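Listed below are the residues making up each chain.
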Amino acid sequence: MTDPLPLNEYKQQIADTYSRRSPTYDQSDWHLQIAHRLVEYAQLHPGDQVLDIATGTAMAAIAAAQVVGAGGKVIGIDISPGMLEQARRKVEELGLTNIEFLLADAESLNFPVNSFDCILCSSALIWMENVAGALQHWHQFLKPGGLIGFHAFADTSFIGVVVVQKIVEKYGISLHFSKPTSTAAKCHDLLKISGYDCIEIKSEQYISYVSLEQAKQMWSGNEYLAPGQFPNPLLQLSTEQIEAVKSEFELELSALETEKGIRNDITVFFTFGRKPVN
Ligand SMILES: C[S@@+](CC[C@H](N)C(=O)[O-])C[C@H]1O[C@@H](n2cnc3c(N)ncnc32)[C@H](O)[C@@H]1O
């Protein structure tokens with residue numbers, strides 16, 4: 001049995017949330033689609049050593065392991081024991097022997113320097129307490145010339161998130177969600193200040209129509225965890241204010257409803273950079 005990780009309250013809550021969610025996490029098609037796209041863009045080679053940060057149920061790690069083959073290796077790290085349990089189960093079912101999972105905090109890793117040809121982080125960078133600090137921390141573990149790749153959402157993504165952000169601003173609250181990485185320029189600058197070069201960003205837009213109920217579920221009040229913000233700034237609001245935000249949120253979403261449903265934009269920045277050779 002693995003010793004529990006010493007985590008602060010913010011990270012412990014993330015770990016617990018994802019452990020609870022882990023049995024059904026793989027029902028999310030778009031997480032899989034995005035993880036696979038990140039691996040595809042990374043153009044890994046047989047024999048590569050890959051680190052998958054916040055690997056979850058190993059969506060990206062498994063795809064990477066299939067490319068790097070028996071001569072390569074993928075290490076997936078995560079703070080959620082439940083997510084790693086699902087990851088291990090899947091890898092065993094697939095009979096893959098070139099993946100290893102470790103319970104570890106992405107912001108305090110302990111690998112030898114220059115270990116990896118590629119470091120990936122899919123659907124997880126916004127959970128870091130210090131996004132730029134995390135990218136700088138990972139830099140040392142890449143071999144010179146090695147590739148880092150993460151994906152991030154634009155500030156136009158997820159209609160429920162866009163609407164709630166606008167409403168809570170009236171109460172003087174700024175919810176980060178994807179803000180630290182919400183434009184291609186921000187993604188570029190984050191990699192630049194963290195010491196990477198050869199930065200390339202591939203932007204993709206996925207448009208779908210969701211039902212009113214689905215849109216409402218994109219924000220569930222002040223009881224959810226706010227990525228990168230602890231405690232959740234919405235806890236500053238009174239019960240009456242939260243109720244008022246919720247009513248306005250539902251009203252605004254209803255106004256956006258069309259025959260096809262509510263238009264939901266998911267714009268994604270697949271962001272890549274390299275550790276300079278010298
Ligand atoms: C949305 S899931 C993404 C999982 C996977 N990368 C994917 O593409 O499906 C976010 C994951 O980040 C993990 N996570 C969040 N903060 C972390 C940290 N500081 N260190 C390691 N894992 C972390 C969570 O436990 C969760 O498994």
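Note: the structure precedes this text.
Here, residues in each chain are numbered from 1, in the same order as that chain's written sequence. Thresholds applied to this predicted model are a pLDDT of at least 70 for local features of residues and 80 or more for the giving and counting of side-chain atom pairs; totals over whole chains, interfaces and linings are not thresholded and use all residues. Values reported for side chains reflect all heavy atoms of the structure, with hydrogen atoms and water molecules removed beforehand.

Peer 1: Please set out unusual backbone geometry residue by residue, giving values where relevant.
Peer 2: In most cases, non-glycine residues show a negative phi, while peptide bonds are predominantly trans. Geometrically, the link from phenylalanine 230 to proline 231 is a cis peptide bond, its omega value of -5° lying close to zero. For proline 231, the position within the fold is in the loop between helix H8 (212-216) and helix H9 (239-256). A positive phi angle is found at phenylalanine 158, which is not glycine, with a value near 65°. By definition, any uninterrupted DSSP run of H or I lasting at least four residues is a helix, any uninterrupted run of E lasting at least two residues is a strand, and each is numbered from the N terminus. Here phenylalanine 158 is to be found in the loop between strand E5 (142-153) and helix H6 (159-169). Only protein chains enter the calculation, and the probe is 1.4 Å; a residue is then buried if its accessible area is under 20% of its type maximum, exposed if over 50%, and partly exposed in between. Phenylalanine 158 sits in the buried class, given a relative accessible area of 14%. In the Ramachandran plot, phenylalanine 177 falls in the positive-phi region, its phi being about 40° despite a non-glycine side chain. By the secondary structure assignment, phenylalanine 177 is in the loop between H6 and helix H7 (184-193).

Peer 1: So what's going on with the packing of H6 against H9? Which residues, and what values?
Peer 2: Helix axes use the C-alpha atoms of the stretch in contact, all axes being lines fitted to C-alpha atoms, and the angles between their N-to-C directions lie in the range 0 to 180 degrees. Across the interface, H6 lies against H9 with an axial gap of 10 Å and an inter-helix angle of 130°. Overall, the two elements H6 and H9 adopt an arrangement that is oblique. Classified by chirality, the crossing of H9 by H6 is right-handed. The residues of H9 that touch H6, namely those facing Ile159, Gly160, Val163, Val164, Lys166, Ile167 and Val168, are Val245, Glu248, Phe249, Glu252, Leu253 and Leu256. Throughout, the term roughly parallel applies to angles under 35 degrees, roughly antiparallel to angles over 145, roughly perpendicular to angles from 65 to 115, and oblique to all others. For a crossing to be left-handed, the near helix must be turned anticlockwise from the far one by less than a right angle; the clockwise case is right-handed. Here, residues are in contact when the closest pair of their heavy atoms is within 4.5 Å.

Peer 1: Explain the state of the cysteines to me, using residue names and the numbers behind them.
Peer 2: The rule for a disulfide is simple: a pair of cysteine sulfur atoms within 2.5 Å. A full pass over the atoms with the stated rule returns zero disulfides. Free cysteine: cysteine 118, not disulfide-bonded; nearest cysteine sulfur from cysteine 121 at 11 Å. Residue classification places cysteine 118 among the buried residues on the basis of a relative accessible area of 1%. Using a relative accessible area of 1% as the deciding quantity, one classes cysteine 121 as buried.

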